[in-house]
Amino acid sequence: MKPSTRHLALRLAGACLAASLPFAAAAREFKAEVWADNWFSLHVGERFVGEDSVPITTERSFNAETLRFEADYPLELNFIIKDFKENDTGLEYIGSARQQIGDGGFIMQVTDTTTNKVVAVSSTAVKCLVIHKAPLNPSCVSSSQPTVASCGATILDEPANWKAADFDTSGWQSATVYSAADIGVKDGYHDISWDPAARLNWTTDLKADNTLLCKLTVTAP
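Since the model is a prediction, treat every value here as computed from it, not as a measurement.

Definitions and cut-offs
Residues numbered from 1 in each chain as written. Predicted model: local features only at pLDDT ≥ 70, side-chain atom pairs only at ≥ 80, totals over all residues. Heavy atoms only, no water. Helix = DSSP H or I, 4+ residues; strand = E, 2+ residues; numbered from the N terminus. Polar contact = N/O pair within 3.5 Å; in protein donor to acceptor, adjacent residues only side chain to side chain. Contact = heavy atoms within 4.5 Å. Core = buried A, V, L, I, M, F, W, Y, C linked by side-chain atoms within 4.5 Å. Buried < 20%, exposed > 50% of the residue type's maximum accessible area, 1.4 Å probe, protein only. Salt bridge = Lys/Arg side-chain N within 4 Å of Asp/Glu carboxyl O.

J.: Tell me about the side chain of Ser122, and please be specific about residues and values.
T.: Structurally, Ser122 can be placed in the loop between strand 9 (117–121) and strand 10 (127–133). Reaching out from Ser122, the side chain makes a polar contact with the backbone oxygen of Arg199 at a distance of 2.6 Å. Those residues within four positions of Ser122 in sequence are excluded, and the remaining contacts are Phe106, Ile107, Met108, Ala197, Ala198, Arg199 and Asn201.

Written as structure tokens, this is what we have:
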């Protein structure tokens with residue numbers, strides 16, 4: 001049976017509409033290179049990409065990670081970054097001769113592997129929120145029995161929907177830039193050829209700021 005004139009007209013209209021619509025942009029491939037003292041995880045938007053493969057409880061874990069992912073611009077890079085702490089006092093090696101306040105450090109770069117160009121780096125453009133800060137009383141480091149009460153701590157929950165692209169970070173800190181000597185870089189840091197624009201980041205207190213949420217939006221180059 002031959003198709004009706006109406007059927008042919010509908011098919012023709014559908015074909016014209018499809019031809020007029022833009023093709024969906026194919027996801028691009030990216031490579032994230034990250035070094036953190038001591039641990040990080042990365043989400044692109046709400047999607048988990050990867051994390052430090054060495055548990056934060058591993059003593060002196062200073063490895064670098066390379067993570068690959070597919071995404072479209074704009075990229076919403078969301079990092080959770082942690083310095084090691086034995087408990088909420090913020091101290092390390094409690095009860096030993098090495099009892100101390102630790103310090104952190106973080107550097108990253110993201111390469112668009114289609115063009116082999118670095119499209120994102122850690123810098124003052126990164127916005128961060130400290131959700132675990134301790135000790136507020138640094139003298140507790142000399143205590144034989146340090147407690148959260150004697151050391152002091154500010155502990156916050158992760159804000160709801162903080163990984164969303166439209167989340168308001170106007171109240172967050174711009175990341176602070178530090179030198180390699182400030183951080184005391186070692187081990188995996190030297191395994192990466194860092195772009196000159198990639199800088200070592202943390203927030204304003206290298207020692208007391210223990211857990212950070214950090215965001216960076218990357219538009220198409």
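J.: Please provide a residue-by-residue account of the nonpolar core, values included.
T.: Judged by nonpolar contacts, the single largest core of 43 residues is most densely connected at Phe69, Leu77, Phe79 and Val110. For this core, the element with the most residues is strand 1 (residues 28–37), which contributes five residues. Excluding residues that lie within four positions of it along the chain, Leu77 makes contacts with Leu42, His43, Val44, Phe69, Met108, Val110, Ala120, Cys214, Lys215, Leu216 and Val218.

J.: Which residues make up the pattern of salt bridges, and what values go with them?
T.: Under the definition given, this model contains four salt bridges. A salt bridge links Arg28 to Asp112, with the shortest nitrogen-to-oxygen separation between them at 2.8 Å. Residue Arg28 is found in strand 1, and its partner Asp112 is found in strand 8 (residues 105–112); the two are separated by 84 residues along the sequence. Among the residues examined, Arg28 registers a relative accessible area of 28% and is labelled partly exposed.

J.: Break down the side chain of Glu76 for me, with residues and values.
T.: On the secondary structure map, Glu76 appears in strand 5 (residues 75–82). The residues touching Glu76, leaving out its near neighbours within four places in the chain, are His43, Val44, Gly45, Lys163, Ala164, Ala165, Lys215, Leu216 and Thr217.

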